[in-house]
Amino acid sequence: MEEYTREPCPWRIVDDCGGAFTMGLVGGGVFQSIKGFRNAPSGINRRLLGSLSAIKQRSPIIAGNFAVWGGMFSTIDCALIHIRKKEDPWNSIMSGAATGGILAARSGLPAMAGSAFIGGVLLALIEGVGILFTRLSAEQFQPQLPPMEDPSQLGQNQPPPGYHYQ
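Residues numbered from 1 in each chain as written. Predicted model: local features only at pLDDT ≥ 70, side-chain atom pairs only at ≥ 80, totals over all residues. Heavy atoms only, no water.

Sorry if this is basic, but what is going on with the UniProt feature "transmembrane region" (unreviewed entry) in the protein here?
In this numbering, the UniProt entry assigns the feature "transmembrane region" (unreviewed entry) to residues 61-83 and 115-134. In the segment residues 61-83, helix accounts for 100% and strand for 0%; the C-alpha atoms at its two ends are 33 Å apart. Counting secondary structure, residues 115-134 comes out at 100% helix and 0% strand; the distance between its end C-alpha atoms is 28 Å. (UniProt positions renumbered as here; feature names shortened; annotations may be inferred. Helix = DSSP H or I, 4+ residues; strand = E, 2+ residues; numbered from the N terminus.)

The following block contains the structure:
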């Protein structure tokens, strides 16, 4: 079984930024297509044009926002890995909290604290679920002992008394 390894830290930022942009583009496209379809005037042609127009207008903005979040998260994560000299779930949790706080800095200190808290909690949940799945799947691949024969059952396969082999 081949294990997934992440890119080294300078390239991880670019990789995560691009992945977040793509995820925002696809997810934003789906969401905006539904929203544009629902908000367009009646008639299938108008609704399809409204859907396409909404995708073209808003999807790149959503993708850019996702890319900023992914790039900042990875940058902070790499900085924490360098400072702490270890790679563990705490780096991701602290990176999520710091990213949430930094991105909400223009809204004031209360919004910054709330966003940092939410970012940290979300990343803690994501890391916790990842650890849970890793442990559950590790139990599945533990070596199993072969079944042992019960010594009291060994005599059951003998022929009945009085039976003679020919």
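Now that the structure is up, let's keep going.
What is the right way to look at the state of the cysteines in this model?
Each disulfide consists of one covalent bond between the sulfur atoms belonging to two cysteines. A full pass over the atoms with the stated rule returns one disulfide. The partner cysteine of C9 in its disulfide is C78, sulfur to sulfur 2.3 Å. Negative torsions about the S-S bond denote left-handed disulfides, and the value of about -105 degrees found for C9 with C78 makes this one left-handed. Taken as a pair, C9 in helix α1 (residues 9-39) and C78 in helix α2 (residues 44-84) lie far apart in primary sequence, 69 residues in all. (Disulfide = S-S within 2.5 Å.)

Whenever I open this one, the pattern of salt bridges confuses me. Can you help?
In a structure, side chains of opposite charge can pair up when their charged atoms sit close to one another. Overall, the coordinates contain three salt bridges when judged by the stated rule. With a closest N to O distance of 3.2 Å, R12 and E87 form a salt bridge. With a gap of 75 residues between them, R12 in helix α1 and E87 in the loop between α2 and α3 (89-103) connect regions that are remote in the sequence. Its relative accessible area of 5% is what places R12 among the buried residues. A single network of salt bridges, built from pairs that share partners, joins R12, D77 and E87. (Salt bridge = Lys/Arg side-chain N within 4 Å of Asp/Glu carboxyl O. Buried < 20%, exposed > 50% of the residue type's maximum accessible area, 1.4 Å probe, protein only.)

Looking at this structure, I do not really get the side chain of D77. What am I missing?
On the secondary structure map, D77 appears in helix α2. With relative accessibility at 3%, the residue D77 sits in the buried group. Other than its neighbours up to four places away in sequence, D77 contacts R6, R12, N91, S92 and S95. (Contact = heavy atoms within 4.5 Å.)

Looking at this structure, I do not really get the packing of aromatic side chains. What am I missing?
Scanning the model with the defined rule gives one aromatic pair in all. Seen from their ring centres, W69 and F73 are 5.2 Å apart, and the 10 degrees between their planes marks the pair as stacked. Linking W69 with F73, this pair stays in helix α2, spanning four residues, or about one helical turn. Under the relative-accessibility criterion, W69 is labelled partly exposed at 33%. (Phe/Tyr/Trp six-rings, centres within 6.5 Å; stacked < 30°, edge-to-face > 60°.)

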